[in-house]
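Structural description and commentary
Next come the chains, spelled out residue by residue.
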Amino acid sequence: MHVNTLKKIIKNLIYFLIVIFFCINQSYANERWKIDKEISKISFEVPVLFTTNVKGSFKDIDGFVQLDTKDREKNKAIFSVSINSIEINYQKYKELLLSPIFFNANKYPLGVLDTKNFLNINNKISKLEIELTIKNKTIKIPINLEVNQLTQDLVQIKGKLFFLRSDFNIGTGNWQNTTILKDRVELNYDIFLFRE
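Residues numbered from 1 in each chain as written. Predicted model: local features only at pLDDT ≥ 70, side-chain atom pairs only at ≥ 80, totals over all residues. Heavy atoms only, no water.

1. Here's the deal with the pairing of strand S11 (residues 184–195)
Bridge count between strand S1 (residues 30–35) and S11: three bridges; the pairing is antiparallel. Across the sheet, Lys-34 pairs through a bridge with Phe-194, a residue of S11. Two elements, strand S2 (residues 41–46) and S11, share five bridges in a ladder whose sense is antiparallel. Within S11, the position partnered with Ile-42 by the bridge is Tyr-189. (Pairing = 2+ DSSP bridges. Helix = DSSP H or I, 4+ residues; strand = E, 2+ residues; numbered from the N terminus.)

Quick look at the structure:
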């Protein structure tokens, strides 16, 4: 009976040490940065023929960056915007933008930027390829970004990317025509991340 008790204690001790080692290894291997929703901004602009461009932003954004500090091979970043939180300079067209003709916000409530995986960003200005998902369609898009280390626990990432609204069926029927409302959309991001 004494031997069985000793075996149980050793088995539990080994199990405990494995769990502790795994937790320490995981905490060392991953560094997570979360978006500061209060000061971060994602905005867009679409040229319009003979009048003021459509300009807007998304008030509800979320996201994080996870860095693999051990192997530096499994870094990822995901950012999302709530389509319903869109604000535009042509406020009377907001319902039209949220409708199935443009974003179909009831069916597709989020737009997502996903890096999947990237190497560490060592330079202040870096190039990445991201996956942009709108209306359940995903397209790879190259982006340039500027990274500013503001403090040890606060980083700013800013830049812009371009995509075609026709690639995501943003604008159907009469709004599919790109003569007046242009096809090329400019998306600007100014994202602040704090270390968790």
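2. Quick notes on the packing of aromatic side chains
The geometry of an aromatic ring pair is captured by two quantities: the separation of the ring centres and the angle between the planes. Applying the stated rule across the entire model yields five aromatic pairs. Taking 5.5 Å as the distance between ring centres and 90 degrees as the angle between the ring planes, the aromatic pair formed by Phe-163 and Phe-168 counts as edge-to-face. Residue class for Phe-168 comes out buried when judged on its relative accessible area of 2%. By way of ring pairs, the aromatic residues Tyr-90, Tyr-93, Phe-102 and Trp-175 are connected into one cluster. If you follow Arg-184 out to its NZ or CZ, it ends over the ring of Phe-162, 3.8 Å from the centre. (Phe/Tyr/Trp six-rings, centres within 6.5 Å; stacked < 30°, edge-to-face > 60°. Buried < 20%, exposed > 50% of the residue type's maximum accessible area, 1.4 Å probe, protein only. Lys NZ or Arg CZ within 6 Å of the ring centre and 35° of its normal.)

3. Quick look at the pattern of salt bridges
Following the criterion strictly, the structure yields seven salt bridges and no others. With a closest N to O distance of 3.1 Å, Glu-31 and Arg-195 form a salt bridge. Taken as a pair, Glu-31 in strand S1 and Arg-195 in strand S11 lie far apart in primary sequence, 164 residues in all. When its relative accessible area of 21% is taken as the criterion, Glu-31 is described as partly exposed. Across the salt bridge formed by Lys-37 and Asp-62, the nearest N and O atoms sit 3.7 Å from each other. Linking Lys-37 in the loop between S1 and S2 with Asp-62 in strand S4 (residues 61–68), this pair joins segments that are 25 residues apart in sequence. The exposure class of Lys-37 is partly exposed, given its relative accessible area of 41%. For Asp-62, a relative accessible area of 27% translates into the label partly exposed. Members of the salt-bridge network, linked through shared partners, are Glu-31, Asp-153 and Arg-195. (Salt bridge = Lys/Arg side-chain N within 4 Å of Asp/Glu carboxyl O.)

4. Some words on the side chain of Lys-94
Along the chain, Lys-94 falls in helix H2 (residues 94–98). A residue is classified by how much of its surface remains accessible, and Lys-94, at 17% relative accessible area, is buried. For Lys-94, the side chain forms a polar contact with the side chain of Glu-87, separated by 3.5 Å. If near-sequence neighbours (up to four positions away) are discounted, Lys-94 is found in contact with Asn-84, Ile-86, Glu-87 and Ile-88. (Polar contact = N/O pair within 3.5 Å; in protein donor to acceptor, adjacent residues only side chain to side chain. Contact = heavy atoms within 4.5 Å.)

5. Observations concerning the nonpolar core
Of all hydrophobic cores here, the largest spans 42 residues; its most connected members are Phe-44, Leu-161 and Phe-163. Among the elements that take part in this core, S11 stands out by supplying five residues, more than any other. Not counting residues within four places of it along the chain, the set of residues in contact with Phe-163 comprises Leu-132, Ile-134, Ile-141, Phe-168, Ile-170, Asp-183, Arg-184, Val-185 and Leu-187. (Core = buried A, V, L, I, M, F, W, Y, C linked by side-chain atoms within 4.5 Å.)

6. Side note on unusual backbone geometry
The residue Phe-50 is not glycine, and still its phi comes out positive at about 65 degrees. Among the structural elements, Phe-50 can be located in the loop between S2 and strand S3 (54–58). Positive phi, normally seen in glycine, also occurs at Lys-135, with a value near 55 degrees. Looking at where Lys-135 falls in the secondary structure, it is placed in the loop between strand S8 (125–134) and strand S9 (137–151). The buried category is assigned to Lys-135, whose relative accessible area is 14%.

In short, shape yes, function no, at least from these values alone.
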